[in-house]
Amino acid sequence: MPDFSYKARTSAGEMTNGTISAPSEREAARLLTGQALFPLAVELADPTSIKKSRRRVKGQIMATCYSQMASLLRSGVPLLRSLVVLQEQASHATLRHVLGEVHDQVQDGVTLSDAMKQYPKVFSEIAVNMANAGAEGGFLEDALERVATFTEQQEDLKSETMGQLAYPLFLATIGSLIVGALVVFFVPKFGTMFDSLRERGELPIVTDYLLAFSEGLRTPWALFGLIAIVMGFASLVQYFKTEQGMFLRDRLKLRVPLVGPIFQSFAVARFCRVLGTLLGNGVPILKSLDISSDAAGNRILSRAIDDATENITSGASLSKPLSQSGYFPGTVVEMIAVAEESNALDSVLVEIADGLEQRTTRKLNLAVRLLEPLLLMVLAGAVLFVVVALLMPVIKMSSTIG
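Since the model is a prediction, treat every value here as computed from it, not as a measurement.

J.: Go over the packing of helix H14 (residues 285-295) against helix H15 (residues 299-313), please, and point to the residues and values.
T.: The geometry of H14 relative to H15 is characterised by a closest axis approach of 9 Å and an angle of 170 degrees between their N-to-C directions. Here H14 lies roughly antiparallel to H15, going by the angle between them. Contact residues: H14 offers Ile285, Leu286, Leu289, Ser293 and Asp294, while H15 offers Ser302, Ile305, Asp306, Thr309, Ile312 and Thr313. In terms of residue class, the contact of H14 with H15 is made up of 5 nonpolar, 4 polar and 2 charged.

J.: Provide a residue-level description of the environment of Ala28, including the pertinent values.
T.: Tracing the backbone shows Ala28 in helix H1 (residues 25-34). On a C-alpha basis, the gap between Ala28 and Phe4 in space is 7.1 Å, while along the polypeptide they are 24 residues apart.

J.: Tell me what's going on with the packing of aromatic side chains, and back it up with residues and numbers.
T.: Under the counting rule described, the total for this entry stands at 3 aromatic pairs. Between Lys253 and the ring centre of Phe263, over which it is positioned, the NZ or CZ distance is 5.1 Å.

J.: Any chance you could break down the pattern of salt bridges for me, citing the residues and the numbers?
T.: Taken as a whole and assessed by the stated rule, the structure comprises 8 salt bridges. Its salt-bridge partner being Asp142, residue Arg74 comes within 3.1 Å of it at the nearest N-O pair. Highlighted residues: Arg74 in helix H3 (residues 59-74) and Asp142 in helix H8 (residues 140-186), separated in sequence by 68 residues. For Asp142, a relative accessible area of 31% puts it in the partly exposed group. We note a salt bridge from Asp114 to Lys117, for which the minimum N-O separation is 4.0 Å. Placement of both Asp114 and Lys117 in helix H6 (residues 112-117) is noted, with a separation of 3 residues, approximately one turn of the helix. Among the charged side chains, a network of salt bridges with common partners joins Glu243, Arg249, Asp250 and Arg299.

J.: Outline the packing of helix H12 (residues 243-255) against H15, listing residues and values.
T.: Interaxial distance between H12 and H15 falls to 7 Å at its minimum, and their mutual angle equals 95 degrees. One finds that H12 runs roughly perpendicular with respect to H15. For the pair H12 and H15, contact is made by Glu243, Met246, Phe247, Arg249, Asp250, Arg251 and Leu254 and by Arg299, Ile300, Leu301 and Arg303, respectively. Within the contact of H12 with H15, the residues separate by chemical class into 5 nonpolar, no polar and 6 charged.

Cut-offs applied
Residues numbered from 1 in each chain as written. Predicted model: local features only at pLDDT ≥ 70, side-chain atom pairs only at ≥ 80, totals over all residues. Heavy atoms only, no water. Axes fitted to C-alpha atoms, helices over the stretch in contact; angles between N-to-C directions. Helix = DSSP H or I, 4+ residues; strand = E, 2+ residues; numbered from the N terminus. Parallel < 35°, antiparallel > 145°, perpendicular 65-115°, else oblique. Contact = heavy atoms within 4.5 Å. Nonpolar A, V, L, I, M, F, W, Y, C, P; charged D, E, K, R; others polar. Phe/Tyr/Trp six-rings, centres within 6.5 Å; stacked < 30°, edge-to-face > 60°. Lys NZ or Arg CZ within 6 Å of the ring centre and 35° of its normal. Salt bridge = Lys/Arg side-chain N within 4 Å of Asp/Glu carboxyl O. Buried < 20%, exposed > 50% of the residue type's maximum accessible area, 1.4 Å probe, protein only.

The following block contains the structure:
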């Protein structure tokens, strides 16, 4: 638990100060009141502990937390007591601190989802939405269990993808360093050797371009250019954190060749899974659509889903506006249309999510496997270009001498 420094007044009116350990500032004030002290100021003794609540918590740790909370609630343990138990057992400092804050807010009458929403780096958007739906529909333990399963699936997919990308990224890094060292340190040594050919106008154009590029990398302007690129990238990252930038980022993610369809399929799968889960637990369709649109994780798709919600309010079906948006595959729309007619939308949506995730995972694995030979070809092509550009004038000089 973090330590809080306090200034308080005793029952006799005397001033006193010191430190006290508590899960939160509010709890520290309550403990002081229980000691017959009237707290005047309570603040963290170590300001760096504030930063702990801003750090992210690994998805696997959060999946375990959701699963344990679901088990406690299913066993009849009240929510507040469950939060206390999870806080005491949490080994991660940030999670322990945040659970204490969530407990205090829930105790003061704040809903669990609203308390979780204040810590976006700890609780994901889908976890907040599912907790909201579960609390309203009376199936909070089931909602948390599904969030735990979903989080574990996402972490497994992320770990598998990063494991497959490790070797290609290693190749790209080592290959780039080798090619860079060749161009910056090795190529300039041939410049004086080829001066005679350049004066006679017999220097091959590829060699001339390579020498000019190598010389350019050795000038101060190259450093300025690198600084400008880094600053531009940092500015772009900051822009993508704005509301307008997030819309542009999500739009670009859907339009990137090869990778865009993968992002789109995963977003549609998340939407279908959350919507099917909510409908299966008795949440009204309009409320379910409102929650599941945020769970898609892409603002462009969320806007299309919101437009579909407006059409449903006026009496239209769900499949038609989704089809008109252009972001949902035809097979998915057709299955939703048939499910609406047969009144089995909740189960069909979960089946759609399962099928989409399986197919998209296979595509992702194939794309990662193809990346390795592609990088090898690119790096081999770069090295071959450098070698050929340097050998062409050497061969021409040797033939002239012969």
